[in-house]
Each structure stands twice: as C-alpha cells, then as structure tokens.
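Each chain, written out:
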Amino acid sequence: MTRSAFVLLAMLLTGAAAPVTTPAPPAKSGAMKRGTADTALAPLSVSLVEKGRTLLAERQYDAAIDRFETALAVDPRNIHAYIGLAEAASGQGLHGKSVRFYREALGIDPNNREALAGQGVALVQRGARPRAEANLERLKILCGGPCPEAARLQMALNAPAPRDNALAATSSPPKP
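Residues numbered from 1 in each chain as written. Predicted model: local features only at pLDDT ≥ 70, side-chain atom pairs only at ≥ 80, totals over all residues. Heavy atoms only, no water.

**Considering the overall build of the chain**
Here's step 1: Along the backbone of the chain there are nine helices and zero strands.
Here's step 2: Here the contacts in the chain between residues at least 6 apart in sequence split such that 51% fall between residues at least 24 apart.
Here's step 3: Carbon and sulfur atoms make up 59% of the accessible area of the chain, which amounts to about 11,000 Å² in all. (Helix = DSSP H or I, 4+ residues; strand = E, 2+ residues; numbered from the N terminus. Contact = heavy atoms within 4.5 Å. Areas by Shrake-Rupley, 256 points an atom, 1.4 Å probe, with all protein chains shown as cover.)

**As for helix α7 (residues 129-143)**
Here's step 1: With 15 residues, α7 should cover 21 Å at 1.5 Å per step; its first-to-last C-alpha distance of 21 Å lies within 8% of that length.
Here's step 2: Of all the residues in α7, the buried ones are Ala132, Asn135, Leu136, Leu139 and Cys143. Buried residues of α7, seen end-on, are gathered within an arc of 105° and therefore sit on one face of the element. In α7, the exposed positions that point more than 90 degrees away from the buried face belong to Pro130 and Ile141.
Here's step 3: Considering only its buried residues, α7 is in contact with α6 (113-126) and α8 (148-158).
Here's step 4: At the C-terminal side of α7, Gly144 shows a positive phi close to 70°. (Expected span 1.5 Å × (residues − 1). Buried < 20%, exposed > 50% of the residue type's maximum accessible area, 1.4 Å probe, protein only. Arc of directions from axis to C-beta.)

**Observations concerning the state of the cysteines**
Here's step 1: With the rule as written, the count across this model stands at one disulfide.
Here's step 2: Disulfide pairing is shown between Cys143 and Cys147; the S-S distance is 2.0 Å. Judged by the sign of its S-S torsion, about 60°, the bond between Cys143 and Cys147 is right-handed.
Here's step 3: For Cys147, a relative accessible area of 9% corresponds to the buried category. (Disulfide = S-S within 2.5 Å.)

**Quick word on the packing of helix α2 (residues 43-57) against helix α3 (residues 61-74)**
Here's step 1: Two elements in contact, α2 and α3, have axes separated by 8 Å at closest approach and are oriented at 165°. Here α3 runs roughly antiparallel to α2, going by the angle between their axes. Relative to α3, the crossing made by α2 is left-handed. Each of Leu44, Ser45, Leu48, Val49, Lys51, Gly52, Arg53, Leu55 and Leu56 in α2 lies in contact with α3, whose residues at this interface are Tyr61, Ala63, Ala64, Arg67, Phe68, Thr70, Ala71 and Val74. (Axes fitted to C-alpha atoms, helices over the stretch in contact; angles between N-to-C directions. Parallel < 35°, antiparallel > 145°, perpendicular 65-115°, else oblique. Left-handed = near helix turned anticlockwise from the far one by under 90°.)

**What to know about the packing of aromatic side chains**
Here's step 1: As enumerated under the stated definition, the model contains zero aromatic pairs in all.
Here's step 2: When the ring centre of Phe101 is taken as reference, the NZ or CZ atom of Arg100 above it lies at 4.8 Å. (Phe/Tyr/Trp six-rings, centres within 6.5 Å; stacked < 30°, edge-to-face > 60°. Lys NZ or Arg CZ within 6 Å of the ring centre and 35° of its normal.)

**A closer look at the pattern of salt bridges**
Here's step 1: One pass over the structure, following the stated rule, counts five salt bridges.
Here's step 2: In this structure, Glu114 engages Arg53 in a salt bridge whose closest nitrogen and oxygen atoms are separated by 3.6 Å. With Glu114 in helix α6 and Arg53 in helix α2, this residue pair connects regions lying 61 residues apart in the sequence.
Here's step 3: Given a relative accessible area of 28%, Glu114 falls into the partly exposed group. (Salt bridge = Lys/Arg side-chain N within 4 Å of Asp/Glu carboxyl O.)

**Observations concerning the packing of helix α4 (residues 79-91) against α6**
When two helices pack together, their arrangement is given by the angle between their axes and by how far apart the axes lie.
Here's step 1: Where α4 meets α6, the axes come as close as 11 Å, and the angle between the chain directions of the two elements is 20°. Comparing the axis directions of α4 and α6 gives the class roughly parallel. For the element pair α4 and α6, the recorded crossing hand is left-handed. Of the residues in α6, those in contact with His80, Ile83, Glu87 and Ser90 of α4 are Glu114, Ala115, Ala122 and Gln125.
Here's step 2: Of the residues in the contact of α4 with α6, the class split is three nonpolar, three polar and two charged. (Nonpolar A, V, L, I, M, F, W, Y, C, P; charged D, E, K, R; others polar.)

Below, the structure is given as structure tokens:
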C-alpha cells in the first residue's frame, strides 16, 4: 500500500479532515507506553466499542468480537476493546482466552479494576483460585474500601466450584 493510500485510509477511519502524519518510531532506549486516557483514543475506536457492547448484551458474540477487533485495529490502546473481547470469550465459554484478553488490558493499565475483576472471575472459572484471590487482594488495595469490582470477584470466589460437564456425564447416579 502506498503512503498516500495509507493516509487516505487513515483519514477515512478517523474522520480526519487534514492529512494524517505518520508517527515517529518509538525510541529504542525505553519501552513504549501503551496506555493512555480514554479521551486520547480514536473516536472511531470508542464508537466501535460501544456498538460491540450493545451486541454483547444481545449475546451476539461473533458480531461483537468483530467490532472489538476493528476497534483495536483503529486504536490498539483501547482497553475497553480488550475487555469486550474477554467478556465475549467468557460468554462463549472460552475462559482461557478471556484471561489472555484481560492480561492485554492490564498490560495497558495495570490498575484497571474492571479488567482485574474480570480476569479474576475467568480464573475462578478455570479453577485457578489462588491467582483469582491475588487479583481480589489487589482490588481491595486499589479500591481502598468496598467497590463493585471487588464484590463481583468475591461473589465468584464464594460460589461453588464449576463442575466439569465431562465428569458429570461419566459419573454414575447416586444409589437409593
């Protein structure tokens, strides 16, 4: 793709009226910081996440995943797109994949309470209770008191352990 075609595509995706300049490559001496405030995200990326959230609420997981992935293509710093992907993966029963997407969100903002709680719930569903409990302890420190994210994770930890369906299918029924 030529530079002018790239600039035109970037203008269309971001709604920019002026030509977009190519950002300078990151300095070699330090790691590039991935996280920024939501207000610094590309508006198209934010809009796509909102559409993805609507689809997620309707349990249209594949369509929601498409929106979240497109949001990340527009702006890879969008934490909420990673969280949306994690929630869609959980909705599909893919808890390991969900943990990975939450880890990506936490790579951008290690103190994101929504991502910490979501990752903790996914860890509980995978049977990794000690790691989930570590997330809960971190949430308690970050919240400095009661908060909905810590309460959500605490409820997941207090719930009975999920039963393996394969094990349930092979076990014999109780004798009278």
